[in-house]
Amino acid sequence: MTTTSPAPAPVSELLTELARQRIGTWQHGYLNDDPRAVAALARLRRGAGKPAGHLPDLWDLVDTQRLHDARREGRPLSEAELARAEDALHVALTLWALHQQSRRAGMHQVHQPQRPRGLGAAVHRAMPNNDIDDSLRKRLVRAGTAPDLATLAHRLRDLVTLLRREEVRLDYGLLAGQLYQWQWPGGADQVRTAWGRSFHAWQDRDEPGPGKEPLPDLAAAPGTTTDVTSSTDKDAS
């Protein structure tokens, strides 16, 4: 009797988990004043909006070796898959670093059905008094219609700056997987659809939105929820 090995997970899923693990570890360290995590965040932040591979200082931080390890029993990644994965991971990590700067709670939080943390949900949650802000909605639409990843990264940078101001959390692992998917034929349409659905699924019980007092954050393991500490100015450079 022959046995069939399970098919390897799609690269987008592997990339989502890799980004969640990497950011979760850095975020946990950053919120607990680990000098290595603080330094990593500062380095990553300088890469926000810049093309992947143009900053040698980030090569050791934007590392996709684990994707090769995960696929060792299956088909190895092609050059096209690897290049797109590196680009997507670079954008997601650097945007998280921009979002997290000087914040006392973790701005990355893993998406759950009862606690949506997709990009559309985050944009909706940032709207004042939970009303539709058409200018902010148009920024999301404009991001989704970007002609290439470089343009998309710049438009997402503008959105993340607004999310940071309102301290609205986002699942950067989910975003990394979507940025990978976005680069393939037909992928942009699928990602735009996901962002639209997320926009209409934004509500949750413990984060009522700008201008309202949220419930206290709960400490948790790296990569899940967030820890609170008083490190507001530690990376002001």
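Okay, so let's go over this structure. Just so you know, these numbers come straight off a predicted model, no measurement behind them.

Conventions adopted
- Residues numbered from 1 in each chain as written.
- Predicted model: local features only at pLDDT ≥ 70, side-chain atom pairs only at ≥ 80, totals over all residues.
- Heavy atoms only, no water.
- Helix = DSSP H or I, 4+ residues; strand = E, 2+ residues; numbered from the N terminus.
- Contact = heavy atoms within 4.5 Å.
- Areas by Shrake-Rupley, 256 points an atom, 1.4 Å probe, with all protein chains shown as cover.
- Phe/Tyr/Trp six-rings, centres within 6.5 Å; stacked < 30°, edge-to-face > 60°.
- Buried < 20%, exposed > 50% of the residue type's maximum accessible area, 1.4 Å probe, protein only.
- Lys NZ or Arg CZ within 6 Å of the ring centre and 35° of its normal.
- Axes fitted to C-alpha atoms, helices over the stretch in contact; angles between N-to-C directions.
- Left-handed = near helix turned anticlockwise from the far one by under 90°.
- Nonpolar A, V, L, I, M, F, W, Y, C, P; charged D, E, K, R; others polar.
- Polar contact = N/O pair within 3.5 Å; in protein donor to acceptor, adjacent residues only side chain to side chain.
- Core = buried A, V, L, I, M, F, W, Y, C linked by side-chain atoms within 4.5 Å.
- Expected span 1.5 Å × (residues − 1).
- Arc of directions from axis to C-beta.
- Salt bridge = Lys/Arg side-chain N within 4 Å of Asp/Glu carboxyl O.

**Observations concerning the overall build of the chain**
Tallying secondary structure elements over the chain gives nine helices and zero strands in all. Within the chain, residue pairs in contact and separated by at least 24 positions form 76% of the contacts whose partners lie at least 6 positions apart. Split by element, the accessible area of the chain, about 11,900 Å² in all, is 52% carbon and sulfur.

**Focus: the packing of aromatic side chains**
Overall, the coordinates contain two aromatic pairs when judged by the stated rule. Aromatic pair Trp26 and Trp96: ring centres 6.4 Å apart, planes at 15 degrees, arrangement stacked. Separated by 70 residues along the polypeptide, Trp26 in helix H1 (residues 11–31) and Trp96 in helix H4 (residues 79–100) bring together distant segments of the chain. Each member of the pair Trp26 and Trp96 is classed as buried. Its end group placed over the ring of Trp184, Arg84 keeps NZ or CZ at 4.1 Å from the ring centre.

**Re the packing of H1 against helix H2 (residues 35–45)**
For the pair H1 and H2, the least separation of the axes is 8 Å and the interaxial angle reads 120 degrees. In this structure, H1 meets H2 at a crossing whose hand is left-handed. Residue-level contacts link Trp26, Gly29 and Tyr30 of H1 to Ala37, Val38, Ala40, Leu41 and Leu44 of H2. The class makeup of the residues in the contact of H1 with H2 is seven nonpolar, one polar and no charged.

**Section: unusual backbone geometry**
Look at Ser102: it is not a glycine, yet its phi comes out positive at around 60 degrees. With respect to the helices and strands, the residue Ser102 is situated in the loop between H4 and helix H5 (119–125). Positive phi, normally seen in glycine, also occurs at Glu167, with a value near 55 degrees. Its location among the elements puts Glu167 in the loop between helix H7 (149–166) and helix H8 (172–182).

**Concerning the side chain of Gln27**
Structurally, Gln27 is set in helix H1. Among the residues examined, Gln27 registers a relative accessible area of 2% and is labelled buried. A polar atom in the side chain of Gln27 sits 3.3 Å from the backbone nitrogen of Met107. Reaching out from Gln27, the side chain makes a polar contact with the backbone nitrogen of His108 at a distance of 3.0 Å.

**Observations concerning the nonpolar core**
Residues Leu15, Leu44, Leu152, Leu156 and Leu179 are the most contacted members of the largest nonpolar core, which totals 60 residues. Within the residue set of this core, elements represented by two or more residues are H1, H2, H4, H5, helix H6 (134–144), H7, H8 and helix H9 (187–199). When residues of this core are assigned to their parent elements, the largest contribution, 11 residues, is made by H4.

**Examining the environment of Gln65**
Here Gln65 shows up in helix H3 (residues 65–70). When its relative accessible area of 41% is taken as the criterion, Gln65 is described as partly exposed.

**Some details on the side chain of Glu81**
Of note, Glu81 is situated in helix H4. Ignoring sequence-local partners within four residues, the contact set of Glu81 consists of Val11, Arg75, Pro76, Tyr180 and Trp184.

**A few points about H9**
For H9, built from 13 residues, the straight-helix expectation of 18 Å at 1.5 Å per residue is met to within 8% by its first-to-last C-alpha distance of 18 Å. Along H9, the residues classified as buried are Gly187, Ala188, Val191, Trp195, Ser198 and Phe199. The arc that holds the buried residues of H9, viewed along the axis, is 115 degrees, so those residues lie on one side. Where H9 is buried, its residues touch H5, H6, H7 and H8.

**Side note on H6**
Taken together, the buried positions of H6 are occupied by Leu136, Leu140, Ala143 and Gly144. Viewed end-on, H6 has its buried residues packed into an arc of 105 degrees, placing them on one side of the element. Residues of H6 that are buried sit in contact with H5, H7, H8 and H9.

**A closer look at the pattern of salt bridges**
Applying the stated criterion across every chain, the model contains 10 salt bridges. In this structure, Arg192 and Asp189 form a salt bridge, with 2.2 Å as the shortest nitrogen-oxygen distance. Taken as a pair, Arg192 and Asp189 lie in helix H9 at a separation of three residues, close to a single helical turn. For Arg192, a relative accessible area of 30% puts it in the partly exposed group. The class for Asp189 is partly exposed, based on a relative accessible area of 47%. Three or more residues joined by partner-sharing salt bridges are found here, namely Glu17, Arg20 and Asp171.

Scope: geometric values only; no functional claims are made or implied.
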